[in-house]
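The lines below spell out each chain.
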Amino acid sequence: MNGTVNMMNVWKMKTGLMSLFAGAMIVCGSASVAMADYLPEDSAQDQQVDSLEMVGNYLASDNFVLSRLELRKYSADVVADLIEISETKRFGKQAQSNALQALALYAHEDDRARDSLRDALSRFKPGHALCPTAIIAFGEAFGEDAVTSLEGMATHKRADVRMAVVVALGRFGGQAGLEKLIEMSANEEHEAVKSRIESYIQ
């Protein structure tokens, strides 16, 4: 009798341990799923670490397309990377130029992009290779509000500066930009610049 009781007790202990083990496995499995949902995948972690490098290389490449959809593939915070690239020579002038243009795509919703383009307009003086790009990007970012800031450059001695102002006003300056272009047309002597003005005011 005692032997039967002991066997039953052993069986109950084994059954209890198996149930406990199964419960632990379920809990651990749920925790693993939860952690997997919480933690980014390895590729996402690598992207966060290398996003500046990837965005910079993309901006410098012949495959660059001015598209927010494309830029999202390379960075979780595109604006932060674009600002840093626009301010450094690390990736070359083409990458800087493309970064300025790309920042204009975000300027209507991101104060960092607007502030960076405002700073670029002051930083890249006439004669600098990036000055024309900074002017056009500023015009795109601020639209008609940019006219007041750009009109002082409308009579600059450098034709490339005046051309950039014309493009900025013609594309993004609205009615105020159009009025400024009509005013510029009366005094512009450079053939290419005058031709561009006329293409916007006709």
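Anyway, here's the lowdown on the structure attached to this text. (Residues numbered from 1 in each chain as written. Predicted model: local features only at pLDDT ≥ 70, side-chain atom pairs only at ≥ 80, totals over all residues. Heavy atoms only, no water.)

**Some words on the packing of helix α4 (residues 78-86) against helix α5 (residues 93-106)**
Turning to step 1, where the next piece is worked out: Where α4 contacts α5, the axes come no closer than 8 Å and their chain directions differ by 145 degrees. Between α4 and α5 lies a crossing whose hand is left-handed. When α4 is examined against α5, the residues Val78, Val79, Leu82, Ile83, Ile85 and Ser86 are found in contact with a partner set consisting of Ala95, Gln96, Ala99, Leu100, Ala102, Leu103 and Tyr106.
Turning to step 2, where the next piece is worked out: Partitioned by chemical class, the residues of the contact of α4 with α5 number eleven nonpolar, two polar and no charged. (Axes fitted to C-alpha atoms, helices over the stretch in contact; angles between N-to-C directions. Helix = DSSP H or I, 4+ residues; strand = E, 2+ residues; numbered from the N terminus. Left-handed = near helix turned anticlockwise from the far one by under 90°. Contact = heavy atoms within 4.5 Å. Nonpolar A, V, L, I, M, F, W, Y, C, P; charged D, E, K, R; others polar.)

**Description of the nonpolar core**
Turning to step 1, where the next piece is worked out: Leu59, Leu82, Ile135 and Leu150 are the most contacted members of the largest nonpolar core, which has 48 residues in total.
Turning to step 2, where the next piece is worked out: Leucine 59 has contacts with Phe64, Leu71, Leu82, Ile85, Gln94, Ala95, Asn98 and Ala99, leaving out every residue within four places of it along the chain. (Core = buried A, V, L, I, M, F, W, Y, C linked by side-chain atoms within 4.5 Å. Buried < 20%, exposed > 50% of the residue type's maximum accessible area, 1.4 Å probe, protein only.)

**Re the pattern of salt bridges**
Turning to step 1, where the next piece is worked out: Applying the stated criterion to the full structure yields eleven salt bridges.
Turning to step 2, where the next piece is worked out: Of the charged contacts in the structure, one is a salt bridge between aspartate 110 and arginine 112, with a shortest N-O distance of 2.9 Å.
Turning to step 3, where the next piece is worked out: A relative accessible area of 15% places aspartate 110 in the buried class.
Turning to step 4, where the next piece is worked out: With a relative accessible area of 36%, arginine 112 lands in the partly exposed category.
Turning to step 5, where the next piece is worked out: Put simply, arginine 114 and aspartate 111 hold a salt bridge, and the shortest N to O gap is 1.9 Å. Residue arginine 114 and its partner aspartate 111 are both found in helix α6 (residues 111-123); the two are separated by three residues, about one turn of the helix.
Turning to step 6, where the next piece is worked out: Owing to a relative accessible area of 48%, aspartate 111 belongs among the partly exposed residues under this scheme. (Salt bridge = Lys/Arg side-chain N within 4 Å of Asp/Glu carboxyl O.)

**Overview of α6**
Turning to step 1, where the next piece is worked out: The terminal C-alpha atoms of α6, which comprises 13 residues, lie 18 Å apart, in line with the 18 Å expected from a rise of 1.5 Å per residue.
Turning to step 2, where the next piece is worked out: The inward-facing, buried residues of α6 contact α4, α5, α7 (131-142) and α8 (147-150). (Expected span 1.5 Å × (residues − 1).)

**Focus: the side chain of asparagine 98**
Turning to step 1, where the next piece is worked out: As for its placement among the helices and strands, asparagine 98 is situated in helix α5.
Turning to step 2, where the next piece is worked out: Sequence-distant contacts of asparagine 98, defined by excluding residues within four places in its chain, comprise Leu59 and Phe64.

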